[in-house]
Amino acid sequence: MTKSPARRLLAAIHTLEDALLVLVLTVMVVLAAVDILTRTLDTGAILWISPALRVMVLWLGLLGGMVATRSREHIAIDLVNRLAPARVAQLIAVITSAFATFICVLLAIHGHAYVELAREFGDVAFGDVPAWPLQIIIPFSFAVMAIRFAIQTLESLYYGVTGKTAPADEADDQEANA
Amino acid sequence: TLKIATLAPDGTNWMKSMRAAADQISAETDGRVKIKYFPGGIQGSDKTVLRKMQIGQLSGGAVSAGALGDIAKEAQLYSLPFTFRNQQELSAVRSEFDHYITDAMEAKGYVVLGLTEGGFAYLMGNKPLRTKADFVGTKVWAPEGDVVTATVFQKAGIEPIMLPLSDVYTSLQTGLIDTVGVNMTASIALQWHTKLTHVTDLPLLSLMGTMIVSDKSFSKISADDQAIVRRVMKDTYAAMDSQNTKDEEGARQALQNSGLTFVELSDADKATWQQLADETLAELASKDVYPVDIYKKLQARLTELRQGQ
Amino acid sequence: MSILVPLILLLLALSGTPLFVVIAASAIWGFYQTDVDLMVMAVEIWRIAEMPVLIAIPLFTFAGYLLGESKAPQRLVRITDAFLGWMPGGLAIVALVTCALFTAFTGASGVTIVALGALLVPALQKSGYPERFNLGLVTTSGSLGLLFAPSLPLILYGVVAQQMSLDTPVSIDDLFIAGLLPGALMLVALSLYSGWVSRNAERDHQPFDKAEAWAALKDVRWEMPLPFLVLGGIYGGWFAVSEAAAITALYVLIISVLVRREIPFKKLVVVMRDSMKLVGAILLILAVSMASTNYMIDAGVPEQIFGFIQQHVSDGFTFLLLLTVFLLILGMMLDIFSAIVIMIPIILPIAVQYGIHPIHLGILFLANMQLGYFTPPVGMNLFIASFRFNKPVMELYRATLPFFFILLATVLIITFWPGLSLGLLGGGE
Ligand code: NA
Ligand code: NA
């Protein structure tokens, strides 16, 4: 099956995200184990590991949030959609996605301002590591989530207005990127 | 309204006098200046509180002097290891040296409303800890982000386990740590003393509490009202000093009553600790953690005081 | 205007807006109203990186997903059948006790549901329990165990109460002892219910077979060290929770991918991604909840509600009854640590006036908060379970309802029978 360039770009981005997620998680498992080893073997613990692990928790959470936004797998109460007919549900989805876009944009903008502030004040995360490069995941992830919610808004609008159903190969894409 | 956050829990004597001060300020300014407290660390760690002051969510905070080290290294002046041998020495130099801290903070945009002595940190563990050798195999806690404490222990040849305050009790319970450095009042308040048996009777470093308010919030108050706030807080903090000293004495008695052993050190042991402190100071100086010149002045003054006795 | 915004947010939430968006929006709206710079949202989100307890979440979640995707559930069923097959509700009771001990250490942050649920729900399914029961059991167990030592909320209560210079001292060790019987009461009540549910299941009445028991034991030789590693390691004082999580994740990774080879490399990537999606979903909510909790604290909301309740109280009995309702709502809305730090200094002095023992108050406070975690409609663990098991929240409401009423009954017993908490301390009636 041939794919449009846009699709390919999207697939590439997904692969990149997955790779980053897998990398951070793997590093985290290994580092956490190293931390215990050095401590028990009395070779002297490595002081930066535990704060670094905590930052990784935030990174994993936000990266996970980005990935979950692709397929809109967020924790939500889906009451109205289950009661409403399909066409109405699509239009409700327009509203909720647009609202999510708006909030994520706000979080990204103010997250960015916060990172700038941390940079200006020279905040330190641990040891000699400055905080701002680690904090940049906050505006970045919410910006990506905003873009994804925006795309979903347009999609829902299109399918809601035209009454067409979403193409099935979208689901296949999700699997193909595994 | 001034919004002030602190790690100290509600209901403590300390919070009671803070609330009394707030009432007095409100009365004297005819309700123009109100103070709202956020006790118990609900606004986050000292670091988070400082950040929230910068973005204007909070006006101020009652934080440890150590937490201000990132803003002005002068704040570390009294918090270096083995500087003072007892509370009297610290009290004696305050009138002469406090202004270095307050001036440095004001230059960075913070008004220091109060500076108080929170007693000394003592080593507490589950066996007598006299020499370096006694530390082999101990698991020592150091507060997260506390460079000074961490460096002392590293010089003693141990890697401290850095944990936030909230994890210490559980970690003592499960044995992840077995040695802490803490003042006597807090060791009882946090109930750590129930998991410990020995106190090394040597003051490690003095713990100072500060109350700071950001210029941004303070300048919203009229000059007259500012003067009232400064005066009432200053008086409250001064009264706190003597209360804290009494509390520490009481806590020492309570620890003895509950069966903890106080371990005396020989002069030789004390000398090795002093050497450790000197190495620590040298390393911290190279990292520019504290104001070296002012600290030398402080030490000279202390030497004079000791000779005078 | 003041009522309109919450109403719109509620409608948006019911229409399927991601919950983290709704919670973030409510905090943003609140801060905006009070002229606080919205950077505060990022400050609160960054606080996630300052909480060491959270390290356990991705690690245990990952380990739980790996175990769930391997054949570990089948092996767990086999060994419980072999050893406890004669007992009605055997596996369910094993599940309850394991979850309670696990929660005592991890807090009720949903880790139990995510880490153990992945293993227990398929296992219970294979053992013939009804699906709804399994979901209800695991969701409920997510907060079961807060009363057992050394749960952090219990310790925090002790520390906060200790500061208040009361006439009756509150020691943490006494709280640990006081929590034993009430915690056990909850376990026994749920165990009896489990036994009753499985009364008709054929496979729960097997005679003990030596050969099968031995074979089942050999079958789980690789998983065998895990409970000892996790529970034994933590209770024995060898590891902190985050360390146990790290060891578990690495160990499970090695046995399921390299030793047993039940998860090929390609699938490993999918498991990693799926497990982190869940971590993302949980942490996003946690992060924005910290912001909205922070707003409520800033605005003094809990104090106002409690002040209202206090006006309508005349005696100790009414006080406890209203307190129960209030704490259930609080438990749904605030995280347990903020709830303790904000409310205990307000509630405790009043409770003491009505003759309630501070230790008894601590136990009933936590018992109520525990229930709040899965009280419909917004108990946090309901959403975590809904997401983890890919079931609509409505179904979780139905699944947890019997558990909710059983535990509500025990909470009322705990609340109105101080002797249960204080008996072991020699201070009961
Ligand atoms: Na809660
Ligand atoms: Na929570």
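The coordinates are above.
Residues numbered from 1 in each chain as written. Chains lettered and ligands numbered in written order. Predicted model: local features only at pLDDT ≥ 70, side-chain atom pairs only at ≥ 80, totals over all residues. Heavy atoms only, no water.

## What to know about the overall build of chain A
What counts here: Helix numbers and strand numbers start at the N terminus; a helix is a DSSP run of H or I with at least 4 residues, a strand a run of E with at least 2. The criterion used for residue contact is that any of the two residues' heavy atoms lie within 4.5 Å. Per-residue and other accessible areas were derived by the Shrake-Rupley procedure at a 1.4 Å probe size, with only the shown protein chains allowed to occlude residues.
Of the regular secondary structure elements, chain A holds seven helices and two strands. Of the regular secondary structure in chain A, the N- to C-terminal order runs α-α-α-α-β-β-α-α-α. Within chain A, counting contacts between residues at least 6 apart in sequence, those at least 24 apart form 73% of the total. For chain A, the exposed area adds up to about 8,800 Å²; of that, 70% sits on carbon and sulfur atoms.

## Things to note about the interface of chain C and chain B
Here is the rule we go by: Defined in terms of a 1.4 Å probe, buried area is the accessible area two parts forfeit on being brought together, summed over both. Salt bridge criterion: a side-chain nitrogen from Lys or Arg within 4 Å of a carboxyl oxygen from Asp or Glu. For this classification, the nonpolar set comprises Ala, Val, Leu, Ile, Met, Phe, Trp, Tyr, Cys and Pro, the charged set comprises Asp, Glu, Lys and Arg, and every other residue, Gly included, is treated as polar.
The interface of chain C with chain B comprises 40 residues on the first partner and 35 residues on the second. In total, chain C and chain B occlude about 2,800 Å² of area from one another, counting both sides; carbon and sulfur atoms represent 58% of this. Across the chain C-chain B interface, the total number found is one salt bridge. Put simply, the parts of the chain that give the side of chain C that touches chain B at least two residues each are α3 (39-46), α9 (152-162), α10 (172-197), α14 (265-299) and α17 (336-353) of chain C. Tallying contributions element by element places α9(C) first for the side of chain C that touches chain B, with five residues. Each residue belonging to the side of chain C that touches chain B can be placed in one class, and the counts come to 24 nonpolar, nine polar and seven charged.

## Looking at the interface of chain A and chain C
Using the following cut-off: Definition of a polar contact: a pair of N or O atoms within 3.5 Å, with one able to donate and the other able to accept a hydrogen when the atoms are protein atoms, and with sequence-neighbouring residues admitted only if both atoms are side-chain atoms.
Taken together, the contact between chain A and chain C spans 60 residues of the former and 55 residues of the latter. Here chain A packs against chain C, burying approximately 5,200 Å² in sum over the two surfaces, 82% of which is carbon and sulfur. Taken together, chain A and chain C are joined by one salt bridge. Asp18(A) is paired through a salt bridge with Arg273(C); the nearest N and O atoms lie 3.4 Å apart. On inspection of chain A and its partner chain C, the count reaches three residue pairs in polar contact (both at pLDDT 80 or more). Counting residues per element, the ones that place at least two in the side of chain A that touches chain C are α1 (5-40), α2 (49-70), α3 (79-83), α4 (86-120), α5 (132-135) and α6 (137-162) of chain A. Residues belonging to the side of chain A that touches chain C are distributed by class as follows: 38 nonpolar, 14 polar and eight charged.

## Some remarks on the nonpolar core
Proteins that are soluble and globular tend to have nonpolar side chains buried together. Counted only if it meets this: Nonpolar cores were defined as sets of buried Ala, Val, Leu, Ile, Met, Phe, Trp, Tyr and Cys residues, with membership established by side-chain atoms within 4.5 Å. For each residue, the accessible area found with a 1.4 Å probe, counting protein chains only, is set against the maximum for its type, and the residue is called buried under 20%, exposed over 50%, and partly exposed in between.
Membership of the largest hydrophobic core comes to 258 residues, with the highest contact counts inside it found for Phe142(A), Tyr78(B), Phe62(C) and Ile347(C). If you tally residues by element for this core, the top one is α14(C), at 16 residues. Not counting chain neighbours up to four residues away, the residues in contact with Ile347(C) comprise Phe306(C), Phe319(C), Leu323(C), Phe326(C), Leu327(C), Leu361(C) and Phe365(C). Judged by nonpolar contacts, the second largest core, of 25 residues, contains Met18(B), Ala21(B), Leu113(B) and Phe218(B).

## A closer look at the packing of helix α16 (residues 316-333) of chain C against helix α18 (residues 358-372) of chain C
All names here are of chain C. Condition: Here, axes are lines fitted to C-alpha atoms. For helices the fit covers the stretch in contact, and angles between N-to-C directions go from 0 to 180 degrees. Here the word oblique covers every angle except those under 35 degrees (roughly parallel), over 145 (roughly antiparallel) and from 65 to 115 (roughly perpendicular). The sense of a crossing depends on the near helix, which, turned anticlockwise from the far helix by less than a right angle, makes the crossing left-handed and, turned clockwise, makes it right-handed.
In the contact formed by α16 and α18, the axes pass within 7 Å of each other and the chain directions differ by 45°. Classified by the interaxial angle, the pair formed by α16 and α18 is oblique. Between α16 and α18 the crossing geometry is right-handed. Counting all contacts with α16, which are made through Leu320, Leu323, Thr324, Leu327, Leu328, Leu330, Gly331 and Met332, the residues of α18 involved are Leu361, Leu364, Phe365, Asn368, Met369, Leu371 and Gly372. Here the contact of α16 with α18 is built from residues that sort into 11 nonpolar, four polar and no charged.

## Overview of unusual backbone geometry
Notably, Phe82(B) is not glycine yet its phi reads approximately 55°, a positive angle. In this structure, Phe82(B) sits in the loop between β3 (60-64) and α3 (87-107). For Phe82(B), a relative accessible area of 12% puts it in the buried group. Even without being a glycine, Arg261(C) presents a positive backbone phi close to 55°. Inspection of the secondary structure puts Arg261(C) in the loop between α13 (241-259) and α14.

## What to know about the packing of aromatic side chains
Using the following cut-off: In this analysis, rings of Phe, Tyr and Trp, with Trp reduced to its six-membered ring, are considered paired at centre separations within 6.5 Å, and the interplanar angle assigns stacked below 30 degrees, edge-to-face beyond 60, and tilted for intermediate values. We call a charge positioned over a ring when the NZ of a Lys or the CZ of an Arg lies within 6 Å of the ring centre and within 35 degrees of the ring normal.
Inspection of the entire model under this criterion finds 17 aromatic pairs over all chains. Consider the rings of Phe135(B) and Trp273(B), whose centres lie 5.8 Å apart with planes at 75°: the pair is edge-to-face. Note that Phe135(B) is positioned in the loop between β4 (110-125) and β5 (141-143) and Trp273(B) in helix α9 (residues 267-286), a separation of 138 residues in sequence. There is no split in this pair, since Phe135(B) and Trp273(B) are both buried. Here a set of aromatic residues connected by ring pairs shows up, and it is made of Tyr129(C), Phe133(C), Tyr193(C) and Phe403(C). For Arg119(A), the ring lying beneath its charged end belongs to Trp132(A), and the centroid distance is 4.5 Å. Directly above the aromatic system of Tyr65(C) lies the positively charged group of Arg388(C), at a separation of 3.9 Å from the ring centroid.

## What to know about the environment of Thr138(B)
All names here are of chain B. Looking at the secondary structure, you find threonine 138 in the loop between β4 and β5. C-alpha of threonine 138 to C-alpha of threonine 280: the two residues are 142 residues apart in sequence and 20 Å apart in space. In this view, threonine 138 contacts Lys127, Leu129, Ile158, Asp178 and Thr179; residues no more than four positions away in its chain are not counted. Separated by 2.6 Å, the side chain of threonine 138 and the backbone oxygen of phenylalanine 135 make a polar contact.

## Details of helix α7 (residues 111-126) of chain C
Residues and elements named next belong to chain C. Rule in force here: Helices are assigned an expected span. That span is 1.5 Å times one less than the residue count. Two axes enter the bend calculation: one fitted to the seven residues ending at the residue in question, the other to the seven starting there, and the bend is the angle between them.
In this model, α7 (16 residues) spans 23 Å end to end at C-alpha, consistent with the 22 Å of a helix rising 1.5 Å per residue. If you look at α7, its biggest bend is around 55°, right at glycine 117. Counted residue by residue, α7 has 13 buried out of 16 residues, so it is predominantly covered. At the C-terminal side of α7, glycine 128 shows a positive phi close to 95°.

## Here's the deal with empty space enclosed by the protein
Residue and element names in this part refer to chain B. Selection criterion: The pocket and cavity definitions rest on a 1 Å grid over protein atoms only: a 1.4 Å probe that fits but cannot leave marks a cavity, an open set with protein on both sides within 12 Å along at least five of seven lines marks a pocket, and residues lining either have an atom within 4 Å of a point. Grid points are joined across faces, edges and corners, and a volume is the space filled by probe spheres set on the points.
Within the structure shown, the criterion is met by three cavities of 30 Å³ or more. The volume enclosed by the largest cavity comes to roughly 60 Å³. Of all elements in the fold, only α4 (147-155) and β8 (198-214) reach the threshold of two or more residues within the lining of the largest cavity. When residues of the lining of the largest cavity are assigned to their parent elements, the largest contribution, three residues, is made by α4. Of the residues assigned to the lining of the largest cavity, the class counts are six nonpolar, one polar and no charged.

## Structural notes on the side chain of Thr29(B)
Residues and elements named next belong to chain B. Tracing the backbone through its elements, the reader meets threonine 29 in the loop between α1 (13-28) and β2 (35-38). We classify threonine 29 as buried; its relative accessible area is 0%. Among the polar contacts listed, one links the side chain of threonine 29 to the backbone oxygen of serine 26, at a separation of 3.5 Å. The residues contacting threonine 29, other than those within four sequence positions of it, are Asp225 and Ile228.

## Section: the pairing of β8(B)
All names here are of chain B. What counts is decided by this rule: A pair of strands is treated as paired once DSSP finds two or more bridges between them.
Within β8, 16 of the 17 residues are buried, which leaves the element mostly enclosed by the surrounding structure. Looking at chain direction, β8 and strand β9 (residues 261-263) are connected through three bridges and run parallel. Looking at the pairing, valine 199 lines up with phenylalanine 262 of β9.

## Quick look at the packing of α7(C) against helix α19 (residues 380-388) of chain C
Residues and elements named next belong to chain C. Between α7 and α19, the shortest axis-to-axis distance is 10 Å and the interhelical angle comes to 40°. Classified by the angle their axes make, α7 and α19 are oblique. Crossing geometry of α7 relative to α19 is assigned as right-handed. Across the interface between the two elements, Ile113, Val114 and Ala118 of α7 pack against Asn381, Ile384, Ala385 and Arg388 of α19.

## A closer look at the pattern of salt bridges
Oppositely charged side chains are able to pair whenever their charged atoms sit close together. Residue and element names in this part refer to chain B. On inspection of all chains with the given rule, the structure shows 23 salt bridges over all chains. Put simply, aspartate 241 and arginine 94 hold a salt bridge, and the shortest N to O gap is 3.2 Å. With a gap of 147 residues between them, aspartate 241 in helix α8 (residues 223-257) and arginine 94 in helix α3 connect regions that are remote in the sequence. With relative accessibility at 14%, the residue aspartate 241 sits in the buried group. The exposure class assigned to arginine 94 is buried, which follows from its relative accessible area of 9%. When the shortest N-O distance is used, the salt bridge between glutamate 106 and arginine 230 registers 3.7 Å. One end of the pair, glutamate 106, is in helix α3; the other, arginine 230, is in helix α8, with 124 residues separating them in the sequence. Classification of glutamate 106 by relative accessible area gives partly exposed; the value is 33%.

## Observations regarding α10(C)
Given a rise of 1.5 Å per residue, 26 residues ought to cover 38 Å, and the 37 Å separating the end C-alpha atoms of α10(C) matches this to within 8%. A maximum bend of about 30° is found in α10(C) at Leu180(C), where proline Pro182(C) lies one to four positions downstream.

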